[in-house]
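Inside the fold
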Amino acid sequence: MRNAGTMILYRNLEQGQIFEDMTWIIEHYGSDYYNREDIRSLCYESFHDLIELAASHGFEGNLWHNYLTFLMVNNENAYSRACENRGKISGTLNELARHDFAVFQKLFTFDFRELVQELEIPELLLLEDYQRSEQTARVFNHRIRDRICALSVRLEQAESAEEFQAEATKFYGEFGVGKLGLHKAFRIEHEGREPKIVPITNIAHVHLSDLVGYEQQKQKLIDNTEAFVRGKQANNCLLFGDAGTGKSTSIKAIINQYYEQGLRMIELYKHQFQDLNSVIAQIKNRNYKFIIYMDDLSFEEFEIEYKYLKAVIEGGLEKKPDNVLIYATSNRRHLVREKFSDKEERDDDLHTRDTVQEKLSLVSRFGVTIYFGSPDQKEFHEIVRRLAQKHQIQMEEETLLLEADRWELNHGGPSGRCAQQFINALLGKDKTAIGKERL
């Protein structure tokens, strides 16, 4: 068998310590040179790590195959990146990858009964048919887990390195590779001085249809996003308006709706603007479309980060990549706060118009602006009805709407958020009490 150490492209594997230890055991367990008890101890340690990985990721079936598949779909190398969202490629990379896939296939076909007999570890056979507990898998995304487990089964059935490679390459073409391919949304964290793009493994599964009303606003957002994912010209987008009207929900729904078409989202906070150039540099050559999402964006008059953001969005020497857009939400139409006292300062300013334009110019960097206003009473009632129906709340409509009106009077006025909080309050009550008590 080709030694795992001869791998060319699939090196520096994420969570690869198990791989290194297990492949070493497979290659040396029958040798008289190494101490048998040390090999047994290393095998038990690797066994433990595999079980922990399975528990945290929700794997089931053949854990060894799941693990090898997990390594392949997460390893970003010259071949896997070339295949992401494209599929099969030609050239030297294709031949080099086949060499590595031949190694992977041999590891897939390894019979653990040989280790069981040699090292007297009968528990190893449990790796071949592991049954997960439904109380586990809190860390990983079940959608991604299911795709890895399904690919693991198909790779197990491959009869040659060519078939093995074809299945892996097909996966890269359909779902991508690594964290950017498998996950929908990301946040920025720091490891030392460099920002790191980290997956958000549990995001809200909301859809635009969940947002009642605002049809024109949603369509405007859809039109811009669809143009973007199809490779056409699209604009940076600002969603502004009253609090609790669905601006952030709309953005979250967009990533759920267009993930399968290669859309990804990176959440960035105001204090992380200095990382924006580095983040863009990490994603600009990938075969995905990225929305950099800035929630509740606004600046006080003394905050100067908006000037830096202006240059990054549009106006710097380096052109913003075609696969990157910025979507932001704000309660303010004009993102930089202005006060009446600014008027007094302008009276002494020889270039008043320039001063005003300096503060308003950030908004002009967003080619699409969408206003979300608070619903009127009729619209608020419709939101309450739809949410009550969705959550199967059994309550007379007249009573439901009366209680909703009382709720919104004490909770900031009518809005989608207020309606959801009212429904949550009903759901938190004893079902037998719903409709019988006043809130």
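What counts as what
Residue indices begin from 1 for each chain and proceed along its sequence in written order. With the structure being a predicted model, the display of local features is reserved for residues of pLDDT at least 70 and the display and counting of side-chain atom pairs for 80 or more, all residues being used for whole-chain, interface and lining totals. Here the side-chain values reflect all heavy atoms present in the structure, with hydrogen atoms and water set aside. The way it works is that DSSP assigns letters per residue, a run of H or I at least four long becomes a helix, a run of E at least two long becomes a strand, and they are numbered from the N terminus. Working definition: with a 1.4 Å probe on protein chains only, accessible area under 20% of the residue-type maximum means buried, over 50% means exposed, and in between means partly exposed. Contacts: residue pairs with any heavy atoms within 4.5 Å of one another. Under the convention used here, a 1.4 Å probe and the Shrake-Rupley method define accessible areas, while residue burial counts only the protein chains that appear. To qualify as a nonpolar core, a set must consist of buried Ala, Val, Leu, Ile, Met, Phe, Trp, Tyr and Cys residues joined through side-chain atoms within 4.5 Å. Here a strand pair is declared whenever DSSP counts at least two bridges between the two strands. Between rings of Phe, Tyr and Trp, where Trp is taken as its six-membered ring, a pair exists when centres lie within 6.5 Å; planes separated by under 30 degrees are stacked, by over 60 edge-to-face, and by other angles tilted. In predicted models, pLDDT denotes the confidence assigned by the predictor to each residue on a 0 to 100 scale. Each axis is a line fitted through C-alpha atoms, taken for helices only over the stretch in contact, and angles between the N-to-C directions span 0 to 180 degrees. Throughout this description, the term salt bridge denotes a Lys or Arg side-chain nitrogen within 4 Å of a carboxyl oxygen of Asp or Glu. By the definition adopted for this analysis, an angle is roughly parallel if under 35 degrees, roughly antiparallel if over 145, roughly perpendicular if from 65 to 115, and oblique otherwise. For any helix crossing, the convention is left-handed if the near helix is rotated counterclockwise from the far helix by under a right angle, and right-handed if that rotation is clockwise. By the convention adopted, Pro, Cys, Tyr, Trp, Phe, Met, Ile, Leu, Val and Ala count as nonpolar, Lys, Arg, Asp and Glu as charged, and the other residues, Gly among them, as polar. Under the rule applied, a polar contact is a pair of N or O atoms within 3.5 Å (in protein, one hydrogen donor and one hydrogen acceptor; residues adjacent in sequence only if both atoms are side-chain atoms).

Here the focus is the overall build of the protein. Regarding its fold elements, the protein presents 18 helices and 7 strands. When burial is assessed residue by residue, the protein has 50% of its 439 residues classed as buried. For the protein, contacts bridging at least 24 residues in sequence account for 77% of all contacts bridging at least 6. Accessible surface, the protein as shown: approximately 22,900 Å² in total, 46% of it carbon and sulfur.

Time to look at the nonpolar core. Of all hydrophobic cores here, the largest spans 58 residues; its most connected members are Tyr10 and Phe19. When contributions to this core are tallied by element, the ones reaching two or more residues are helix H1 (17-28), helix H2 (36-57), helix H3 (63-74), helix H4 (78-83), helix H5 (92-108), helix H6 (112-119), helix H7 (142-157) and helix H8 (161-175). By size, the runner-up hydrophobic cluster in this structure holds 28 residues, among which are Ile203, Ile255, Ile291 and Leu325.

By the alternation rule, side chains of strand S7 (residues 368-372) split into Val368, Ile370 and Phe372, which are all buried, and Thr369 and Tyr371, of which none is buried. Here strand S3 (residues 237-241) pairs with S7 via 5 bridges, running parallel. Counted as the bridge partner of Cys237 is Val368 from S7.

Before going further, it helps to spend a moment on the packing of aromatic side chains. With the rule as written, the count across this model stands at 18 aromatic pairs. Here the aromatic rings of Trp64 and Phe112 are separated by 5.9 Å at their centres, their planes lie at 80 degrees, and the arrangement is edge-to-face. Remark: Phe112 occurs in helix H6 and Trp64 occurs in helix H3; sequence separation between them is 48 residues. Just as Trp64 is buried, Phe112 falls in that class too. Pairwise contacts between aromatic rings join Tyr10, Phe19, Tyr79, Phe101, Phe104, Phe108 and Phe164 into one cluster.

One can find Ala54 in helix H2. For the pair Ala54 and Gln131, spaced 77 residues apart in sequence, the C-alpha separation works out to 9.7 Å. The contact partners of Ala54, leaving out residues within four places of it in the chain, are Phe59, Leu63 and Tyr130.

Let's shift gears to the confidence of the model for the protein. Overall, the prediction assigns the protein a mean pLDDT of 84, with 84% of residues at 70 or greater. Note that residues 435-439 has pLDDT below 50 and, in this model, 11 contacts with residues that lie over four places away or in other chains.

With that settled, consider the sheet that holds strand S4 (residues 263-267). Taken together, 7 strands build an open sheet; the order of strands is S2-S1-S4-S5-S6-S3-S7 and the sheet is mixed. A strand with exactly one partner marks an edge of an open sheet, and here the two such strands are strand S2 (194-200) and S7. On average, adjacent strands in this sheet sit at an angle of 25 degrees to one another, irrespective of strand direction. In this structure, S3 lies alongside strand S6 (residues 324-330), joined through 4 bridges in parallel fashion.

To continue, consider the pairing of S3. Most of S3 sits out of view: 5 of its 5 residues are buried. Every second residue of S3 is oriented toward a common face, with Cys237, Leu239 and Gly241 on one face and Leu238 and Phe240 on the other, all of them buried.

The next point concerns the pattern of salt bridges. A pair can form between side chains of opposite charge whenever their charged atoms are brought close. A full pass over the atoms with the stated rule returns 15 salt bridges. Residue Glu260 pairs with Arg147 through a salt bridge whose shortest N-O separation is 2.8 Å. Note that Glu260 is positioned in the loop between helix H11 (247-258) and S4 and Arg147 in helix H7, a separation of 113 residues in sequence. The class for Glu260 is exposed, based on a relative accessible area of 52%. With a relative accessible area of 16%, Arg147 lands in the buried category. Several salt bridges share partner residues, and in doing so they unite Arg36, Glu37, Arg40 and Glu120 into one network.

A few words on the packing of helix H16 (residues 377-390) against helix H18 (residues 416-427). Contact geometry of H16 with H18 gives a least axis separation of 9 Å together with a crossing angle of 40 degrees. The orientation of H16 relative to H18 falls into the category oblique. In this structure, H16 meets H18 at a crossing whose hand is right-handed. Contact residues: H16 offers Phe380, Ile383, Val384, Leu387 and Ala388, while H18 offers Gly416, Cys418, Ala419, Gln420, Phe422 and Ile423.

Negative phi values dominate among residues other than glycine, just as trans dominates among peptide bonds. Notably, Asn85 is not glycine yet its phi reads approximately 60 degrees, a positive angle. Following the sequence through the fold, Asn85 ends up in the loop between H4 and H5. Using a relative accessible area of 29% as the deciding quantity, one classes Asn85 as partly exposed. Look at Tyr214: it is not a glycine, yet its phi comes out positive at around 55 degrees.

In the contact formed by H5 and H8, the axes pass within 8 Å of each other and the chain directions differ by 105 degrees. The angle between H5 and H8 falls in the class roughly perpendicular. Only Ala161, Glu162, Phe164, Gln165 and Ala168 of H8 make contact with H5, whose side of the interface consists of Asn94, Ala97, Arg98, Phe101, Ala102, Phe104, Gln105 and Phe108. For the contact of H5 with H8, the residue count by class is 8 nonpolar, 3 polar and 2 charged.

With that out of the way, let us pick up the side chain of Lys184. Mapped onto the elements of the fold, Lys184 is located in the loop between helix H9 (178-182) and strand S1 (185-191). Here Asn256 takes part through its side chain, which lies 2.9 Å from a polar atom of the side chain of Lys184. Leave out the neighbours within four places in its chain, and Lys184 touches Arg143, Ile203, His205, Ile255, Asn256, Tyr259, Arg264 and Met265.

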